[in-house]
Amino acid sequence: MHDAQSADAPLAAGEKEPLAAGLKQRHLTMLGLGGVIGAGLFVGSGAGIAVAGPGIIVSYLIAGALAMLVMRMLGELSSAMPASGAFSVHAERALGRWAGFTVGWLYWFLLVVVLAVEATGAAQIAHGWAPSVPQWGWVLIFMLVFTTANLAAVKNFGEFEFWFAALKVGAIVLFLGLSLLAIFGVLPDTDAVGMSNLTGQGGFLPHGWSGVVSGVLAVVFAFGGLEVVTIAAAESDDPARAVGRAVRSAVWRILFFYVGSMLVIVTLLPWSSIQPGQSPYVAVLDHVGVPGAGQIMNIVVFVALLSALNANLYGSSRMVFSLAERGEAPRALLKVSGGGVPRRAVLASVAFGFASVILNLKWPDSIFHYLLNAVGAVLLFVWGLIAASQLRLRPRIEREMPERLTLRMWCFPYLTWAALAGMAGVIVLMLTDAEARPQLLWSAAATAAVLVVAGLREFRLRRAQ
């Protein structure tokens, strides 16, 4: 058990978790690669191209660099102090109980809402394939399957996620290969395209640098999901070494997949031909003559949604389990099965997913709009607390247990401060954008509510001492 710590307590290298060490290095590596590759890339990237044109490449470089810095910070802390609560535990050790409570519950709230939305998105695709099964029926099927998988040994989660991620990574590699052949005119009935689509249609920056900035706002949240690998590392045989290797291998490859995809898309096609809400990947596959491109991408997006559902159920259950360990959630959630699985934490986290079955029956079009608004910018607040925790903990780790710094943040503390400035810049952009502003305000309200609860708990605990 991990009791709540004050920010001034001596650091511990990490206590042994009561959870099973069933995840292998290949699971963590593929989780790091696949956890962030989802519908946001395959479909949502079209909105970014529409506002930035070919400059979306720069937008992805900026957003990807920010995500990479956050992951480097998180990798440094998680390799030094692995824990099932990852950044929630780090925030508690760095800033106090209020910070661990706040970031833990905010992240749990984010994951369970997104989990339900992903189940709904996958159900919409499956309903199109098998209309005889209602959409709510598909949601129920998915929730039952993945709840069962997560209630069993953790290696089941690892295997599910390994093969899901492998399919997504394989699809992107194949897409990049076909696109490069088309760009150089190697495929049948194709001619080398040259630079015309990058420099025509208004040039590389058709909407100027303001378009690049808007593109950053459109794509930055697609990088959410990388954090789960640091939570999962606590259930591997060698957490410190495993998380370091997973973070190192993931961040550069993910940046390559994202930026590489955007580069070949805007090189092959005029950016103005890509419509928001439609997958630019489908447009490219149609362009190079791949039959059934739409259905192929439907399958890939379907797998991506189920993969994210699986990962978010796992991450949310471990986060609430860690909160319970530190007395920040009901102690009843601490019960662990003989196989080392926190089954009550899994059931508590999946409860909202099952509730989404009813929501799909009653309000299929409206309820998720409000829920997504409520969590839209929560990721930024979580990232901000990760950066603040790393600023506080890095000097203490160097002083108290320097041998644990096997993975170091680059150019500390300058790049940490640069990352915080980047997050602040995204928040300012959201305030000035009419479409993004409601997400920021709703998310700020949700964050404020959790902070109030954390403050009241802290006040009560101090009075009791």
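Each chain carries its own residue numbering, running from 1 in the direction its sequence is written. Only residues with pLDDT of at least 70 get local features here, since the model is predicted, and only at 80 or more are side-chain atom pairs given and counted; chain-wide, interface and lining totals rely on the full set of residues. Where side-chain values are given, they derive from all heavy atoms of the structure, hydrogens and water being excluded.

> Would you mind going over the overall build of the chain in detail, with residue names and values included?
In this text, helices come from DSSP runs of H or I with a minimum length of four residues, and strands from runs of E with a minimum of two, each type numbered from the N-terminal end. When helices and strands are counted, the chain shows 19 helices and zero strands. When we talk radius of gyration, it's over C-alpha atoms, and the globule rule is simply 2.2 Å times the number of residues to the 0.38. Taken against the 2.2 N^0.38 rule, which gives 23 Å for 465 residues, the C-alpha radius of gyration of the chain at 22 Å falls within 12% of a compact globule. Across its three principal axes, the chain shows a C-alpha extent of roughly 75 × 55 × 40 Å. Note on classification: 1.4 Å probe, protein chains only; a residue is buried when its accessible area is under 20% of the maximum for its type, exposed when over 50%, partly exposed between these limits. A burial count over the chain gives 57% of its 465 residues as buried. Sequence separation of at least 24 residues holds for 82% of the intrachain contacts in the chain that already meet a minimum separation of 6. Working definition of accessibility: Shrake-Rupley area with a 1.4 Å probe, residue cover restricted to the visible protein chains. When the accessible surface of the chain is summed, it comes to about 18,200 Å², and 66% of that surface belongs to carbon and sulfur atoms. In what follows, a contact means two residues having at least one pair of non-hydrogen atoms within 4.5 Å.

> Which residues make up the packing of aromatic side chains, and what values do they have?
The pairing test for Phe, Tyr and Trp rings, Trp by its six-membered ring, is centres within 6.5 Å, and the orientation test on the planes gives stacked under 30 degrees, edge-to-face over 60, and tilted for anything in between. Scanning the model with the defined rule gives 16 aromatic pairs in all. For the pair Tyr 60 and Tyr 258, a centre-to-centre distance of 5.5 Å together with 50 degrees between the ring planes defines the contact as tilted. Placement of Tyr 60 in helix H4 (residues 56–80) and of Tyr 258 in helix H12 (residues 239–268) is noted, with a sequence separation of 198 residues between them. Relative accessible area serves as the criterion here: at 0%, Tyr 60 is assigned to the buried category. Three or more aromatic residues joined by ring pairs form one cluster here, namely Trp 129, Trp 138, Phe 142 and Phe 302.

> Help me get a handle on the pattern of salt bridges, residues and values and all.
A pairing counts as a salt bridge when a side-chain nitrogen of Lys or Arg comes within 4 Å of a carboxyl oxygen of Asp or Glu. With the rule as written, the count across this model stands at 10 salt bridges. The partner of Arg 462 in a salt bridge is Glu 458, with the nearest N and O atoms 3.4 Å apart. Here the residue Arg 462 and the residue Glu 458 both occupy positions in helix H19 (residues 437–464), the gap between them amounting to four residues, near one helical turn. Judged by relative accessible area, Arg 462 falls into the exposed class, the value being 56%.

> Help me get a handle on a nonpolar patch on the surface, residues and values and all.
Together, Leu 180, Leu 181, Phe 184 and Val 186 make up an exposed nonpolar region whose accessible area comes to about 400 Å². Within the secondary structure layout, Leu 181 lies in helix H8 (residues 154–183). Leu 181 gets classed as partly exposed once you look at its relative accessible area, which sits at 35%. Residues forming no salt bridge and having over 30% relative accessible area are the ones grouped into patches, like charges within 9 Å of each other and nonpolar side chains (Val, Leu, Ile, Met, Phe, Trp, Tyr) within 5 Å.

> So what about helix H10 (residues 208–219)? Which residues, and what values?
Expected span of a helix, by definition, is 1.5 Å for each gap between consecutive residues, and there is one gap fewer than residues. Between its terminal C-alpha atoms H10 stretches 17 Å, which fits the 16 Å expected from 12 residues at 1.5 Å a residue. Residues of H10 that are buried include every one of Gly 211, Val 212, Gly 215, Val 216, Leu 217 and Val 219, and no others. Taken together, the buried residues of H10 touch helix H3 (45–52), H4 and helix H18 (414–432).

> I'd love a proper account of the environment of Val 288, names of residues and values included.
Within the secondary structure layout, Val 288 lies in the loop between helix H13 (280–287) and helix H14 (293–325). Spatially, the C-alpha atom of Val 288 lies 7.7 Å from that of Leu 187, the residues being 101 residues apart in sequence.

> If you had to explain the nonpolar core to someone new, which residues and values would you point to?
By size, the foremost hydrophobic cluster in this structure holds 144 residues, and its most contacted members are Phe 87 and Trp 383. The element that contributes the greatest number of residues to this core is H14, accounting for 18 residues. Residue contacts for Phe 87: discarding those within four places in its chain leaves Leu 74, Val 103, Tyr 107, Glu 227, Thr 230, Ile 231, Met 319, Val 382 and Ile 386. The term nonpolar core refers to a set of buried residues drawn from Ala, Val, Leu, Ile, Met, Phe, Trp, Tyr and Cys, joined through side-chain atoms within 4.5 Å.

> So what's going on with the packing of H8 against H13? Residues and values would help.
Geometry is summarised by axes, namely lines fitted to C-alpha atoms with helices restricted to the contacting stretch, and by angles between N-to-C directions that run from 0 to 180 degrees. The N-to-C vectors of H8 and H13 enclose an angle of 45 degrees; their axes lie 10 Å apart at closest approach. Taken as axis vectors, H8 and H13 run oblique relative to one another. Crossing hand, H8 versus H13: left-handed. Counted together, Phe 175, Leu 178 and Ser 179 of H8 and Tyr 281, Val 284 and Leu 285 of H13 form the full contact between these two elements. Each residue receives one of three labels: charged for Asp, Glu, Lys and Arg, nonpolar for Ala, Val, Leu, Ile, Met, Phe, Trp, Tyr, Cys and Pro, and polar for the others, Gly being one of them. In the contact of H8 with H13, the residues fall into five nonpolar, one polar and no charged. In this scheme, roughly parallel covers angles under 35 degrees and roughly antiparallel covers those over 145, while 65 to 115 is roughly perpendicular and the rest are oblique. It is the rotation of the near helix from the far one that decides the hand of a crossing: anticlockwise by less than a right angle makes it left-handed, clockwise makes it right-handed.

> Mind laying out the side chain of Asn 197, listing which residues take part and the relevant values?
In this structure, Asn 197 sits in helix H9 (residues 196–199). Throughout this description, a polar contact denotes any pair of N or O atoms lying within 3.5 Å of each other; where both atoms belong to protein, one of them has to be capable of donating a hydrogen while the other can accept it, and for residues adjacent in sequence the pair is counted only when both atoms sit in side chains. From its side chain, Asn 197 meets the backbone oxygen of Thr 267 in a polar contact 3.0 Å long. Sequence-distant contacts of Asn 197, defined by excluding residues within four places in its chain, comprise Pro 54, Val 266, Thr 267, Leu 268, Leu 269 and Pro 270.

> Explain the side chain of Glu 118 residue by residue, including any values.
Relative to the elements of secondary structure, Glu 118 occurs in helix H6 (residues 97–129). Notably, Glu 118 is buried but unbridged: the nearest opposite-charge side chain belongs to Lys 168, and the N-O separation is 8.7 Å. Residue contacts for Glu 118: discarding those within four places in its chain leaves Leu 305, Ala 308, Leu 309 and Asn 312. Residues counted as positive are Lys and Arg, residues counted as negative are Asp and Glu, and His and the chain ends are not counted.

> Account for unusual backbone geometry, naming residues and giving values.
Following Phe 412, the chain continues to Pro 413 via a peptide bond in cis, the omega torsion being 0 degrees. In this fold, Pro 413 is placed in the loop between helix H17 (378–400) and H18. Non-glycine residue Ala 86 carries a positive phi angle of around 45 degrees. Relative to the helices and strands, Ala 86 resides in the loop between H4 and helix H5 (87–95). On the accessibility criterion, Ala 86 (0% relative accessible area) is buried. Despite not being glycine, Gln 201 has its phi angle at roughly 55 degrees, a positive value. For Gln 201, a relative accessible area of 45% translates into the label partly exposed.

> So what's going on with the environment of Leu 178? Which residues, and what values?
By the element assignment, Leu 178 lies in helix H8. A relative accessible area of 24% places Leu 178 in the partly exposed class. In this structure the C-alpha to C-alpha distance between Leu 178 and Arg 394, which are 216 residues apart in sequence, comes to 44 Å.

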